[in-house]
Amino acid sequence: MPTSFRGLTALLLAFSMLFIGLLPAAQANTGTLDVDRITTVAEWNRIAHGESFEFTSTIHVSGAAAELPGEGQVEVYETADAQRSTPLGVGEVNEDWTADITVSGLDVGTYHFTFVYTGTDQFAGAEHNRLLSHVVHDPATMDAISITSVSAEGPVFVGDDLLVDIIADVDGIWRRPVLFEIYSADDVNFENPVATYEDSSIGRSGEREASLTLGNLDQGSHEFVARVSNDAGPVGRVPMLPDYTEFSVEVLAPEITPELSVTNPTGEIWRGETVTATVEIVLPDGVEPEDITVDGRIEIFRPSAFAGGQETIYSTAEVDGELLVEVPLDTTVGTSWNGSFSAAVRLVEATDLADVCLGCGRNEWQMPIEYTAQDPEILVTPVEQTVAEGADAAVTLRLGLPEDYPLPPEDLEGQFEVVTGGSLEHVLFANLSEMNEDYQVEVSVPAEHFNDPDFPLAARFEVRVVDSIYQRLAVQGNWPTFSVWTEAEPEHPAWDASTVYTGGQIVEYDGRVFEALWWTQNQQPGASPYSAWSEIGAPTVCASGTYPAWAASTEFTGGETVVFNGTVYTAKWYSRNQEPGDQWGPWEEIGDC
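Reading the values: the criteria
Residues numbered from 1 in each chain as written. Predicted model: local features only at pLDDT ≥ 70, side-chain atom pairs only at ≥ 80, totals over all residues. Heavy atoms only, no water. Disulfide = S-S within 2.5 Å. Buried < 20%, exposed > 50% of the residue type's maximum accessible area, 1.4 Å probe, protein only. Helix = DSSP H or I, 4+ residues; strand = E, 2+ residues; numbered from the N terminus. Pairing = 2+ DSSP bridges. Patch = residues over 30% accessible without salt bridge, like charges linked within 9 Å, V, L, I, M, F, W, Y side chains within 5 Å. Areas by Shrake-Rupley, 256 points an atom, 1.4 Å probe, with all protein chains shown as cover. Salt bridge = Lys/Arg side-chain N within 4 Å of Asp/Glu carboxyl O. Lys, Arg positive; Asp, Glu negative; His and termini not counted. Charge placed at Lys NZ, Arg CZ, Asp CG, Glu CD.

Student: Which parts of the structure should I look at to understand the state of the cysteines?
Tutor: Covalent bonding between the sulfur atoms of two cysteines defines a disulfide. Tallied over the entire structure, the rule returns 2 disulfides. At a sulfur-sulfur separation of 1.8 Å, the disulfide partner of Cys357 is Cys360. Measuring handedness by torsion sign, the sulfur bridge of Cys357 and Cys360 sits at about 85° and is right-handed. Classification of Cys357 by relative accessible area gives partly exposed; the value is 33%. On the basis of relative accessibility, which here comes to 38%, the residue Cys360 falls in the partly exposed class. Paired by a disulfide, Cys542 and Cys593 hold their sulfur atoms 1.7 Å apart. Its S-S torsion of approximately -95° makes the covalent link between Cys542 and Cys593 left-handed. With Cys542 in strand 38 (residues 539-542) and Cys593 in the segment after strand 44 (587-592), the pair connects residues that are 51 residues apart, well separated along the chain. When its relative accessible area of 9% is taken as the criterion, Cys542 is described as buried. Judged by its relative accessible area of 28%, Cys593 is partly exposed. If you count the bonded cysteines of the protein chain from the N-terminus, they pair up as 1-2, 3-4.

Student: How should I be thinking about the pairing of strand 5 (residues 89-92) in this particular structure?
Tutor: Within a regular strand, the side chains alternate between the two sheet faces. The alternating pattern of strand 5 places Gly89 and Gly91 on a buried face and Val90 and Glu92 on a face that is not buried. Bridge count for strand 4 (residues 73-78) against strand 5 is 4 bridges, and the pairing is antiparallel. Note on strand 5: the bridge partner recorded for Gln73 is Glu92.

Student: I keep staring at a negative patch on the surface and nothing clicks. Help me out?
Tutor: There is a patch of like negative charges on the surface, built from Glu268, Glu403, Asp404, Glu437 and Asp438. Mapped onto the elements, Asp438 comes out in the loop between strand 29 (426-431) and strand 30 (440-445). Relative accessible area serves as the criterion here: at 45%, Asp438 is assigned to the partly exposed category.

And the structure:
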């Protein structure tokens, strides 16, 4: 080839190479692997000798690689295998960057595992720095420790200590202590326990328990591992197999302590109504409602110290975002016989607010919730009446309730009870539910009860209300009375102005008895001493006998004996309207009555 041609070819080749060098290069994947975030899911557990168990690992990929399907492998090594020479298991990475790894064929013992990601050329290997422990044991040759429960009572707040109770079953342990430990879940080599307790009791197999305290916890979620172990079993036995249990703790921000203020029910309160107490939640200075969750429950209750040793909750209301809470109170519940009510109040179960109580430490007569409910009066009409001998009496019983009283009569339980005055002998019941819309009922009082020995001519009765919400009306001193007078049927008919009377007929008028001397009509008895009516004097008992009283209108014919001004006289001849006492008159004095 000519020299000039070779030079031209070399020149063209150089330009070609330069051109090719100017073309864009194929870009490598710029994604990265977070080597601290191979998440492995597996329970702390015991594996029987010969069994297999599985792990699930998730590789956390960032950058552009996160959009690509997963690839590569995750290998499991015993942590003691520092050279990573013999994997115990290998799992292919799925498209979602997860890998399932099965491990089997382990000898008896305790194993710590490390997980290594072996990717393509794009990624360096990622190693899971958190170690997991599994225990492989042969039940025929190994003593067993098994954690049966781990409980951490909450809630716990920043600055509080948390008590963690661990219970373990320690079959086969004899004359050896049991060590209870708590580690941070990040302490994968179990080097620095955050709490320990050694149960040094010996000669005991079975259940052991310990309470460990965690302190100085920051706000947020914390992961821990409880570990129970024993350094060796009985003489000649292999070391005990420890057990592990993971648990978590949520530490809350410090509670805010509010105060409570109460506005009690006011005005006229009747027993049977529902009234309202207003409870205000007063936040500390600098705390605004919008900065916290305003919730919880308001309870109005009677502390056990004032309720016979047993607490009584009368009413509750949920707190739903408002600092003013209306709490309804049933005036039939918790009120004393005289209608008084007193109770304490508290806020409980709030998210951001501490439980507070107003009245818990006070005397019984200094409770913050107070009101007095009144009972109605018992009204009786008539309070006094006269009935014929043998006849029943009728009275109207009423409760003095306001027109807007919320309970209708038919919803009221209890009875009016009528009892005899003094002896309180039961006479009758009348149900309150039988009252009409005016809260009154009419009852009939049988005549057989008009026999009070203290009132020969009358019976006195008292009225009370029993078995009802109106406790005050069952207490003596609040019972109204009514009296029933009795009188015998008149011996003679009453005088009637329109009736025609003839001689010899007898009538009663104005409490006196008259006999007609002749035909008469519309002539009032006693109006004139010389009318058609002759009065028959009322009988008067004297030492010598019973005689009628002298009356001016009475007609005397001679021989009749009367009493006048305490003296007994006998008529000597006919007379009328001639007063005894004149020695010359028609009357002869017999002697003193």
